[in-house]
Amino acid sequence: MADARPAAPARGGPAASPNGARLLVADDNKVNRLLMARSLDLLGHRVALAENGRIALEMLRGEAYDLLLLDIEMPEMDGFQVLEHLKADVQLRDVPVIVTSSVEGVANIVRCIELGAEDYLPKPVNPVLLRARIGASLEKKRLRDQQSALVRRFATTEVAQDLAQSGFALGGRRVQGSVMFSDIRGFTALVESQPPEETIELLNTYYTLMFDAISSHGGVVNQMIGDGLMAIFGAPLPLADHCGGAVRAALEMIDMIELFNAERGAEGKAPIAIGIGIATGEMVAGYTGTQSRATYTCIGDTVNLAARLEAHTKVAQRAILVDAVTRAALGERADVEALGAVPFKGKAAPVEVYAVGPGQAG
Amino acid sequence: MHIDRTTFAELQDSAGADFVTELVDTFLEDAPTLLAELRSARTAADADRFRRAAHSLKSNSVTFGATALGALARTLELGGLNADPAADLAAIDAIDAAYAEAAAELKGLRHG
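Within any chain, residue numbers begin from 1 and follow the written order of that chain's sequence. All chains are assigned letters beginning at A, and all ligands numbers beginning at 1, according to the order in which they are written. Confidence filtering applies because this is a predicted model: local features only for residues at pLDDT of at least 70, side-chain atom pairs given and counted only at 80 or more, and all residues used for totals across whole chains, interfaces and linings.

Enquirer: I'd like a description of the overall build of chain B, backed by residues and values.
Expert: The numbering of helices and of strands both runs from the N terminus, where a helix is a DSSP run of H or I of at least 4 residues and a strand a run of E of at least 2. For chain B, the count of helices and strands is five helices and zero strands. Going from the N terminus to the C terminus, chain B shows its helices and strands as α-α-α-α-α. Counts of 20 or more other C-beta atoms within 10 Å of a residue's own C-beta define buried residues, counts of 12 or fewer define exposed ones, and intermediate counts define partly exposed ones; C-beta atoms are placed from the backbone. Counting only residues that meet the buried cut, chain B has 40% of its 112 residues in that class.

Next comes the structure, spelled out in structure tokens:
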């Protein structure tokens, strides 16, 4: 979703200066537009111009701007409507807006602020105030951008988007999805047999490969513990074919490990093996923890079952094990073998277990 | 005096005298359209267009220090369409006259 936007030349703005921010001015009145562009140009910013709200919105959707200076009284789409559109658009809701208008009445100013405008400057705009407000807005935007970059680093894109859309609230909601657990077989022995630096390097490569396989099939890795990981398919964003996604990701993970082992073999290193368990059903997904430290996760029987299936791969000597619900959703798409019912700790009745082989799960 | 000299001097000071000359020219080009729009919106009884045209005139007048013109335009912007069209038409005539005076003075000032 957050694609890099292609840079387009400024429409009708004065010559762009090499430094400064990229600002968009929306005003239907030519005198106002030119004067605002001039003031911003003198402050060292690059300016693009829009002559009504509709054009401004199109330009914002086509290209990234650091700040919008918005007039209220405009034909086709007025400033209030622009603010409403921005507020409803995940991609644009963080673009800071300073309303510059000679519309009168405190109620109008309040409405702008309520609709998300950062500031309000009455026209004619005082150049000193303009400089101060723009400086403050851009600084706030810089901090916000920094913050979201951090959130993206420590959470996945999906969780970061979910956070941005829903805000942060502890507590869960019920979702249908597939859960995957995976870990490296014999990892403890491996750690003991090699220097720690090599283990860290191995884990980084392993995680990079696994993350890539999982996210390319719509999954979200939400926990990494040592050599193990937990991934969710179907939350925080719904995924139509979460079973298929999880199984395809699992098969790709196995392929990746084979490639990785070929490389390790060339370096004279021992191959590694992974086990993967997948279960499907209802679970509770949400943010758990405290207000100061929390994580996005899923809990419920489905999650426990996936963990048990993963542990059982050692016993069954199979790389990928899935439950009956996942198996049923796969239909004929995968090479599946029924292993019969297995009694699991914490389960009253034995659970049907299926091994998924490499091959036809397309 | 139809243009407030302090306002005009401040504008020249902050935006640059040459730029203000261009800006005055833009205003002198655009204002007749706004005045015509005001009259046409009154005839069509289109409240939105009427308010917007009056608002634009007010906004530009204040920028250049055309105080009287700005005050007249403001009255129409905030008052909206009058139940008696003749009252609005009289007000628009007054705005035309105030504009003619302000424009003449702006033409003289822009090179100063």
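Still more to cover.
Enquirer: Could you give me a rundown of the overall build of chain A, with the residues and numbers involved?
Expert: A tally of regular secondary structure across chain A gives 11 helices and 13 strands. Taking all 362 residues of chain A together, 40% fall into the buried category. Counting only contacts in chain A whose residues sit at least 6 apart along the sequence, the fraction spanning at least 24 positions is 67%. Throughout, a residue-residue contact means that the two C-beta atoms, derived from backbone geometry, are no farther apart than 7 Å.

Enquirer: Which residues make up the interface of chain A and chain B, and what values go with them?
Expert: Of the residues lining the interface, 15 residues belong to chain A; the matching set on chain B comes to 16 residues. Per-element accounting of the side of chain A that touches chain B gives the leading share, seven residues, to helix 1 (residues 30–42) of chain A. Lys, Arg, Asp and Glu make up the charged group, whereas Ala, Val, Leu, Ile, Met, Phe, Trp, Tyr, Cys and Pro make up the nonpolar group; the residues left over, Gly among them, are polar. Residues belonging to the side of chain A that touches chain B are distributed by class as follows: six nonpolar, four polar and five charged.

Enquirer: Explain the packing of helix 3 (residues 47–64) of chain B against helix 4 (residues 67–79) of chain B residue by residue, including any values.
Expert: All names here are of chain B. Relative orientation of the contacting elements helix 3 and helix 4 amounts to 155 degrees, with a least axis distance of 8 Å. Taken together, the axes of helix 3 and helix 4 are roughly antiparallel relative to one another. Note that helix 3 runs across helix 4; the crossing there is left-handed. Here Arg-51, Ala-54, His-55, Leu-57, Lys-58, Ser-61 and Val-62 of helix 3 come into contact with helix 4, specifically with Leu-69, Gly-70, Ala-73, Arg-74, Leu-76 and Glu-77. Across the contact of helix 3 with helix 4, the residue classes break down as six nonpolar, three polar and four charged. Angles shown run from 0 to 180 degrees and are taken between the N-to-C directions of axes, each axis being a line fitted to C-alpha atoms and, for helices, limited to the stretch in contact. What sets the label is the angle itself: under 35 degrees gives roughly parallel, over 145 gives roughly antiparallel, 65 to 115 gives roughly perpendicular, and the rest give oblique. Two helices cross in a left-handed way if the nearer one is turned anticlockwise from the farther one by less than a right angle. They cross in a right-handed way if the turn is clockwise.

Enquirer: Quick one: what's the story with unusual backbone geometry, residue by residue and with numbers?
Expert: Across the junction of A:Lys123 and A:Pro124, the peptide omega takes the value -5 degrees, indicating a cis bond. Structurally, A:Pro124 can be placed in the loop between strand 5 (119–122) and helix 5 (127–154). Positioned with a positive phi, B:Ala45 is a non-glycine residue whose angle comes to about 55 degrees. With respect to the secondary-structure elements, B:Ala45 resides in the loop between helix 2 (17–44) and helix 3.

Enquirer: Which residues make up the pairing of strand 1 (residues 22–26) of chain A, and what are the values?
Expert: All names here are of chain A. The buried fraction of strand 1 is high, at four of five residues. Inspection of the sheet shows strand 1 paired to strand 2 (residues 46–50) by five bridges, in the parallel sense. Bridging from a neighbouring strand, Arg-22 pairs with Arg-46 of strand 2. Assignment of crossover handedness uses the view with strands pointing away from the viewer, where a clockwise path from the first strand over the helix to the second indicates a right-handed crossover. Of the crossover connections in this fold, the one passing from strand 1 over helix 1 to the parallel strand 2 is right-handed. A pair of strands is treated as paired once DSSP finds two or more bridges between them. The pairing of strand 1 with strand 3 (residues 67–70) spans four bridges and is parallel. Residue pairing for strand 3: Leu-24 is matched across the bridge by Leu-68.

Enquirer: I'd like to hear about the sheet that holds strand 2 of chain A, residue by residue, with values.
Expert: All names here are of chain A. With parallel pairing, five strands are arranged side by side in an open sheet as 2-1-3-4-5. Of all strands in the sheet, those bounded by a partner on one side alone are strand 2 and strand 5. For this sheet, the mean inter-axis angle between neighbouring strands, taken without regard to orientation, is 20 degrees. Note: strand 3 against strand 4 (residues 97–101), three bridges, orientation parallel. The residue of strand 4 that forms the bridge with Leu-70 is Val-99. Of the strands in this sheet, strand 1, strand 3 and strand 4 touch helix 3 (residues 79–88), which is tilted by about 175 degrees from strand 4.

Enquirer: I'd like a description of the nonpolar core, backed by residues and values.
Expert: Counting residues in hydrophobic clusters, the biggest one holds 66 residues, and the most contacted among them are A:Leu24, A:Val25, A:Ala26 and A:Leu68. Residue contributions to this core peak at eight residues, all from helix 2 of chain B. Residues in contact with A:Leu68, not counting those within four places in the same chain, are A:Leu24, A:Ala26, A:Ala56, A:Leu60, A:Val95 and A:Val97. We define a nonpolar core as a collection of buried residues of the types Ala, Val, Leu, Ile, Met, Phe, Trp, Tyr and Cys that are connected via C-beta atoms lying within 7 Å of each other. Membership of the second largest hydrophobic core comes to 48 residues, among which are A:Tyr206, A:Ala249, A:Leu251 and A:Val336.

Enquirer: Give a detailed account of the packing of helix 1 (residues 5–15) of chain B against helix 2 of chain B, specifying residues and quantitative values.
Expert: All names here are of chain B. Close contact between helix 1 and helix 2 brings their axes to 7 Å; oriented N to C, the two are set at 120 degrees. The angle between helix 1 and helix 2 places the two elements in the oblique class. Touching Leu-11, Gln-12 and Ala-15 of helix 1 are Ala-17, Phe-19 and Val-20, all from helix 2. Considering only residue class, the contact of helix 1 with helix 2 consists of five nonpolar, one polar and no charged.

Enquirer: Please provide a residue-by-residue account of the environment of A:Ala329, values included.
Expert: Residues and elements named next belong to chain A. Position of Ala-329 relative to the elements: it lies in helix 11 (residues 324–330). Remark: the alpha-carbon pair of Ala-329 and Asp-241, spanning 88 residues in sequence, is separated by 8.5 Å. Other than its neighbours up to four places away in sequence, Ala-329 contacts Cys-243 and Thr-280.

Enquirer: Account for the environment of A:His312, naming residues and giving values.
Expert: All names here are of chain A. Here His-312 shows up in helix 10 (residues 301–316). Distance in space between the C-alpha atoms of His-312 and Val-353 is 9.5 Å, their sequence separation being 41 residues. What His-312 contacts, discounting residues up to four positions off in sequence, is Gly-277, Leu-321, Val-342 and Val-353.

Enquirer: Describe helix 2 (residues 53–62) of chain A, and please don't skip the residues or the numbers.
Expert: Residue and element names in this part refer to chain A. Every buried residue belonging to helix 2 is among Gly-53, Ala-56, Leu-57 and Leu-60, and all of these are buried. Along the axis of helix 2, the buried positions cluster into a sector of 100 degrees, meaning they face one direction only. More than 90 degrees from the buried face of helix 2, the exposed residues found are Glu-58 and Gly-62. Contact partners of the buried residues in helix 2: strand 1, strand 2, strand 3 and helix 3. Arc definition: it is the arc formed by the directions from the helix axis to the C-beta atoms.

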